[in-house]
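Given next are the chains, with one letter for each unit.
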Amino acid sequence: MLNIGVLALQGAFIEHVHMLRRAGAVAVEVRLPEELQGLDGLIIPGGESTTIGKLAVSAGLVAPLREFAGSRPTWGTCAGMIFLARELDHHAQPILGLMDIRVDRNAFGRQLDSFEMELQIPVLGDAPWHAIFIRAPVVTGAGDDVEVLARLADGRIVAVRQGHLLATAFHPELTDDLRFHTWFLQLAQQAG
């Protein structure tokens, strides 16, 4: 059974814990550097990216997270996508800088501009994915080795993979659909 950590500093971490357990993994809430030991993968949840960054700094987690995610499967959702990015548009805050992506925070506007839609994500099969975007970012630039997993109809990038790193602008943990969590567990199993 895989041990998957969920960064539990702020945001939608408990929803990821529940999804991981439903998918058959052991979910470990991570608040301290030593809690990264023995994990097969890590999820950095949605929430407020600036707050997550500041809390990670105060908990002494930035360097341990950077080291872990540098070699182990790590998935960032919404704020987690921002935290994994190498570069941000128009904003400075603590980030891990690991994924070769540039991200625009709050690309769709304020909380009131949040929305839901169906997306085609071929790695998850033919059935559309019900994506929930809450003050979501988008990828505005990506390196050559970044695989685009999903785009909006206007071409904006909302899901990417770079080797063992995965990032989604939407919130799979707020649906009943286990496909993304199951796929991440498969990536962690392959990396093990």
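Residue positions are given per chain, counting from 1 as you read along its sequence in written order. Predicted model: local features are reported for residues with pLDDT of at least 70 only, side-chain atom pairs are reported and counted for 80 or more only, and whole-chain, interface and lining totals are derived from all residues. The side-chain figures draw on all heavy atoms in the structure; neither hydrogens nor water molecules are used.

A. Fine view of helix H3 (residues 62-69). Under the scheme applied here, a residue whose accessible area is under 20% of the maximum for its type counts as buried, over 50% as exposed, and between as partly exposed, the area being computed with a 1.4 Å probe on protein chains only. Helix and strand assignments follow DSSP, with helices taken as H or I runs no shorter than four residues and strands as E runs no shorter than two, numbered in order from the N terminus. Three or more residues of H3 are buried, namely Val 62, Leu 65, Phe 68 and Ala 69. Taken around the axis of H3, the buried residues stretch over an arc of 130°, which confines them to a single face. Counted as exposed and oriented over 90 degrees from the buried face of H3: Ala 63 and Glu 67. Of the surrounding elements, those touching the buried residues of H3 are strand S1 (3-7), strand S3 (41-44), helix H2 (49-58), strand S4 (74-77), helix H4 (79-84) and strand S12 (165-168). Our arc is simply the arc of the directions from the helix axis toward the C-beta atoms. Contacts: residue pairs with any heavy atoms within 4.5 Å of one another.

B. How the structure looks around the environment of Pro 94. With respect to the secondary-structure elements, Pro 94 resides in the loop between strand S5 (85-88) and strand S6 (99-104). By relative accessible area, Pro 94 is classed as partly exposed at 25%. Between the C-alpha atom of Pro 94 and that of Thr 51, which follows or precedes it by 43 residues, the distance is 9.3 Å. Contact partners of Pro 94, with chain neighbours within four places excluded, come to Gly 53, Lys 54, Val 57 and Phe 83.

C. Geometry of the packing of aromatic side chains. The aromatic pairing rule takes the rings of Phe, Tyr and Trp, using the six-membered ring of Trp, and pairs them if the centres are within 6.5 Å, calling planes under 30 degrees apart stacked, those over 60 edge-to-face and the rest tilted. On inspection of all chains with the given rule, the structure shows 7 aromatic pairs. Ring geometry for Phe 133 and Phe 170: centres 5.6 Å apart, planes at 65°, overall edge-to-face. Highlighted residues: Phe 133 in strand S8 (residues 129-133) and Phe 170 in the loop between S12 and helix H5 (179-191), separated in sequence by 37 residues. Looking at Phe 133, the relative accessible area reads 1%, which means it is buried. Residue Phe 170 is classed as buried on the basis of its relative accessible area, which comes to 0%. Aromatic rings pair up to connect Trp 75, Phe 115, Trp 129, Phe 133, Phe 170, Phe 180, Trp 183 and Phe 184 into one cluster.

Treat this as a map of the structure, not an account of what it does.
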